Amino acid sequence: MRVFLLLFLLFPILELAVLIKVGGAIGVLPTLLLVIATAILGSVLLRVAGVATAWRAREKLARGELPEQEMLEGLLIAVGGGLLLLPGFISDIFGLFCLIPFTRRLLVAKLRQRAAEQAMRQRAFADDLAARSGPARPGAKQSNAARPNVLEGEYERRD
């Protein structure tokens with residue numbers, strides 16, 4: 001959580017420093033026009049890529065398939081469009097990485113890989129806990145913390 005706080009505080013300072021450097025190199029008016037142009041480009045790319053991804057997801061749903069690839073791509077498109085709408089050149093670079101199809105697919109593959117690794121870690125941890133709290137040796141008494149919460153009872157259905 002500290003890393004996100006640091007990035008949250010550091011990112012605007014870096015963006016401002018880059019804007020000042022670019023403004024000093026090419027001038028204030030061209031820098032402002034460039035920031036406005038990237039915001040317009042971001043909104044157009046967001047609309048075009050978002051619609052294309054939505055159509056692909058709709059086609060997969062019509063075939064009875066789950067559109068997980070399209071959902072992740074749609075998420076990255078939304079993030080990329082939002083980053084392009086923000087003023088600054090660093091956010092524009094990351095936004096373009098999210099909107100260009102080749103890099104977006106690479107990012108989706110990396111996200112899927114990380115999610116699979118996380119699921120394997122959680123599964124291994126859950127299996128380890130289940131093995132620890134499983135049935136003890138025959139004749140050994142389990143503590144209350146190790147026993148599962150089971151309510152035994154009987155019921156009768158009456159119409």
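Residues numbered from 1 in each chain as written. Predicted model: local features only at pLDDT ≥ 70, side-chain atom pairs only at ≥ 80, totals over all residues. Heavy atoms only, no water.

If you look the chain up in an unreviewed UniProt entry, it shows as FxsA family protein from Pseudomonas benzenivorans.

1. Focus on a nonpolar patch on the surface
The test is simple: Exposure above 30% relative accessible area and the absence of a salt bridge qualify a residue for a patch, where like charges join within 9 Å and nonpolar side chains (Val, Leu, Ile, Met, Phe, Trp, Tyr) within 5 Å. Surface accessibility in these figures is a Shrake-Rupley result with a 1.4 Å probe; residues are shielded only by whichever protein chains are displayed. Any Lys or Arg side-chain nitrogen located within 4 Å of an Asp or Glu carboxyl oxygen qualifies as a salt bridge. Strands are runs of DSSP state E lasting at least two residues, helices are runs of H or I lasting at least four, and both sets are numbered from the N terminus onward. Three labels apply to residues, based on accessible area from a 1.4 Å probe with only protein chains included: buried if under 20% of the type maximum, exposed if over 50%, partly exposed otherwise in between.
Together, L41, L45, L96, I100, F102 and L106 make up an exposed nonpolar region whose accessible area comes to about 530 Å². Elements represented by at least two residues in the nonpolar patch include exactly α2 (28–62) and α5 (101–132). Its location among the elements puts I100 in the loop between α4 (89–99) and α5. Its relative accessible area of 40% is what places I100 among the partly exposed residues.

2. Some details on the pattern of salt bridges
On inspection of all chains with the given rule, the structure shows seven salt bridges. Between R56 and E73 there is a salt bridge, with the nearest N and O atoms lying 2.6 Å from each other. Note that R56 is positioned in helix α2 and E73 in helix α3 (residues 68–85), a separation of 17 residues in sequence. You can call R56 partly exposed: its relative accessible area is 28%. According to the relative accessible area criterion, E73 is buried, its value standing at 2%. Of the charged contacts, one joins K60 and E70 as a salt bridge, the two residues approaching to 3.7 Å between their closest N and O atoms. Placement of the pair is K60 in helix α2 and E70 in helix α3, with a sequence separation of 10 residues.

3. Some points on the packing of helix α1 (residues 2–26) against α4
Axis angle and axis distance: for two packed helices, these are the angle between their axes and the distance between the axes, and together they describe the pair. Under the convention used in this document: Axes, fitted as lines to C-alpha atoms, cover a helix only where it is in contact. Angles between the N-to-C directions of the axes lie from 0 to 180 degrees. Oblique is the label for every angle not falling under 35 degrees (roughly parallel), over 145 degrees (roughly antiparallel), or within 65 to 115 degrees (roughly perpendicular). It only takes one pair of heavy atoms within 4.5 Å for two residues to be counted as in contact. In this classification, the charged set is Asp, Glu, Lys and Arg, the nonpolar set is Ala, Val, Leu, Ile, Met, Phe, Trp, Tyr, Cys and Pro, and all remaining amino acids, among them Gly, are polar.
As a packed pair, α1 and α4 sit with axes 7 Å apart at the nearest point and diverge in direction by 105°. In this view, α1 runs roughly perpendicular relative to α4, as classed from their interaxial angle. Across the interface between the two elements, F11, L14, E15, V18, L19 and V22 of α1 pack against F89, I90 and S91 of α4. Tallied by class, residues from the contact of α1 with α4 come to seven nonpolar, one polar and one charged.

4. Some details on the UniProt feature "transmembrane region" (unreviewed entry) in the chain
Filter applied, for reference: UniProt positions are given in the numbering used here, feature names are shortened, and annotations may be inferred rather than shown by experiment.
The UniProt record marks residues 29–55 and 75–102 with the feature "transmembrane region" (unreviewed entry), using the residue numbering of this structure. This span, residues 75–102, is 86% helix and 0% strand, and a straight line between its end C-alpha atoms measures 15 Å.

5. With respect to the layout of surface pockets
The rolling of a water-molecule-sized probe over the atoms marks out the regions of remaining empty space. The test is simple: Here a cavity means grid points, on a 1 Å grid over the protein atoms only, where a 1.4 Å probe fits yet cannot get out; a pocket means an open set of points with protein on both sides within 12 Å along at least five of seven lines; lining residues are those with an atom within 4 Å of a point. Grid points are joined across faces, edges and corners, and a volume is the space filled by probe spheres set on the points.
What the largest pocket holds in volume is close to 290 Å³. In terms of lining, the largest pocket is formed by F4, L7, F8, F11, P12, L83 and F94. A per-element tally of the lining of the largest pocket places α1 first, with five residues. What the second largest pocket holds in volume is close to 160 Å³. Lining of the second largest pocket is provided by L76, V79, L83, F94, F97, C98, L107 and L111. Broken down by class, the residue content of the lining of the second largest pocket amounts to eight nonpolar, no polar and no charged.

6. A look at α4
An α-helical turn contains 3.6 residues, so any two residues separated by three or four positions project in the same direction. Note the cut-off: To be clear, the arc concerns the directions from the helix axis to the C-beta atoms.
Among all positions of α4, only F89, S91, D92, G95, C98 and L99 are buried. All buried residues of α4 lie within an arc of 165° about the axis, which places them on one face of the element.

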